[in-house]
Amino acid sequence: MARKTVSSLKRGILPTMVTAVREVSVFGDAIAYFNEAAKLLDLEPGMRRILTKPSRQIIFAIPFQRDNGELEVFTGYRVQYNFARGPAKGGIRYHPGVTLDEVTALAFWMTWKCAVVDLPFGGGKGGVTCDPSTLSPGELERITRRYAAELVEVMGPDKDIPAPDVNTTPQIMAWIMDTYSMHVRQHTPGVVTGKPLAIGGSLGRVEATGRGVSLVALEQLQRMQIPITGARVVVQGFGNVGSIAARMMAEAGCTIVGLSDVSGGYYNPRGIDATSAIAYAQEHHSLEGYRGGERVTNDALLELPCEVLVPAALENQLTAENAARIQARLIVEGANGPTTPDADHIFDQRGIIVIPDILANAGGVTVSYFEWAQDRAGYFWKESEVNERLADIMLTNFSKIRDISMQRRISLRTAAYVLAIDRVVQAMHTRGVYA
Ligand code: NAD
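The model shown is predicted, which means the values in this text are computed figures rather than measured ones.

Which residues make up the packing of helix α5 (residues 137-150) against helix α6 (residues 170-184), and what are the values?
Two elements in contact, α5 and α6, have axes separated by 9 Å at closest approach and are oriented at 45 degrees. Viewed along their axes, α5 and α6 adopt a mutual orientation that is oblique. In this structure, α5 meets α6 at a crossing whose hand is right-handed. Note on element contacts: α6 touches α5 through I172, W175, I176, D178, T179 and H183, opposite P137, L140, E141, T144, R145, A148 and A149.

I'd like a rundown of the sheet that holds strand β2 (residues 71-82), residues and numbers included.
Here we have five strands laid out as an open sheet, ordered β1-β2-β4-β3-β5, and mixed in their pairing. Either end of the sheet is taken by a strand with one partner, and the two such strands are β1 (56-65) and β5 (160-164). If you compare each strand with its neighbour and ignore which way they point, the axes differ by 25 degrees on average. Note that β1 and β2 share 10 bridges and pair antiparallel. Of the residues in β2, the one forming a bridge with I59 is Y77.

Give a detailed account of the packing of aromatic side chains, specifying residues and quantitative values.
Geometry of an aromatic ring pair is reported as the spacing of the ring centres plus the angle between the planes. Per the counting criterion, the structure on display carries 16 aromatic pairs. Ring geometry for Y266 and Y290: centres 5.9 Å apart, planes at 75 degrees, overall edge-to-face. Of the two residues, Y266 is situated in strand β8 (residues 264-267) and Y290 in the loop between α9 (274-284) and β9 (294-296); the sequence distance between them amounts to 24 residues. Take Y266 and Y290: they sit in the same class, and that class is buried.

Quick rundown of unusual backbone geometry? Include the residues and the values.
Positive phi, close to 60 degrees, is recorded for R185, a residue that is not glycine. Here R185 is to be found in the loop between α6 and α7 (205-223). What makes R185 exposed here is its relative accessible area of 71%. Phi is positive for H285, close to 65 degrees, though the residue is something other than glycine. Position of H285 relative to the elements: it lies in the loop between α9 and β9.

Conventions used here
- Residues numbered from 1 in each chain as written.
- Predicted model: local features only at pLDDT ≥ 70, side-chain atom pairs only at ≥ 80, totals over all residues.
- Heavy atoms only, no water.
- Axes fitted to C-alpha atoms, helices over the stretch in contact; angles between N-to-C directions.
- Helix = DSSP H or I, 4+ residues; strand = E, 2+ residues; numbered from the N terminus.
- Parallel < 35°, antiparallel > 145°, perpendicular 65-115°, else oblique.
- Left-handed = near helix turned anticlockwise from the far one by under 90°.
- Contact = heavy atoms within 4.5 Å.
- Pairing = 2+ DSSP bridges.
- Phe/Tyr/Trp six-rings, centres within 6.5 Å; stacked < 30°, edge-to-face > 60°.
- Buried < 20%, exposed > 50% of the residue type's maximum accessible area, 1.4 Å probe, protein only.

In structure tokens form, the structure reads like this:
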């Protein structure tokens, strides 16, 4: 799998080496999408040079004590990609495959994601190369607190605001908020988003990314004149994003015919009850043993007959190898970077519409923005207000993207990049380059 190749190539990479490995990296693929839109915008070479370089990459050691007393060291990363429109914003990922290259690509995407939904943020991302399933709660807490302490000077509500990503939870955000507040000697809820409600989290944040995926998917089905009732949906990945997107699309009338998580895929052409699958996954910590559908491999799951495919696990799932066999008419990218540029071209040629990650999964960061605003104001909104404002932001910007796509006869992805790059470039031109 491409992901493995990339991960093994990038282990131990230094910041200065990023340029040298672009052609084979996740960041390299990400830049390919940027370049396509930059060409259409006639972006001057100097601006391209600035926008294809991360502002700041930080790699650090995270020494910690295991419960048995042994000392261990993990590697932590934080990439602050661009600050033109505001403080860096982006999640923290705990995964054995985390590399500087991956974190840089994710921070790059965050820059465009925040811009595409017009939030006053730049892009950032972080990660720790670890396998949380092998860590006790105490070990997880010590790693998290050390991660936050290492970044205390460069984090903050006006500097860089982390959030959850793969394998990081509201509890982990709470430890970060507490560690940061202790260091700066000031209660600072706005330093992270995705926190528990008890310490300044926002209503609607947990569901926000899946809700956003579902909002744009349903909107596009209507545009394509595909009846929502009975539209067959396959969801890869059944974590925060995939499970909520599946539940909301089912509530709107779609039939969830396929689901998967790291344990494998489950297929039922008559429909899978998303709510009971969520309850099962919560009880058993995965879908392993779930009986609501026939077992299929994760590869086969992506190729099932359906109207909508929602990749909501990890990057590089839809590739030149399987793109020709995908049967969906609409792909809604819940995950970041699930489609390689080669696969994207194949989908374009085959007339398969792709709603790109930078829009499709922007619901999470949008409600993170609401959380940050609520924390700073010390005034909290009703859940209905959060959901209404989320729908307004997602659908208004989706409509702008569709207009650009139609006017310029380009894919929704390229149109989303055109809109986002234009907004970032406007901010950079207005501020000027301080040197
Ligand atoms: P999560 O950890 O809650 O869930 C990930 C899911 O993917 C799990 O069900 C896991 O079992 C499954 N998975 C892992 N490897 C798989 C594989 N090879 N095949 C099938 N399933 C596999 O993570 P999440 O928060 O739901 O994030 C999923 C994706 O969405 C990531 O790309 C993340 O960057 C992106 N995203 C998340 C948010 C958010 O708010 N959580 C926001 C924007 C984007």
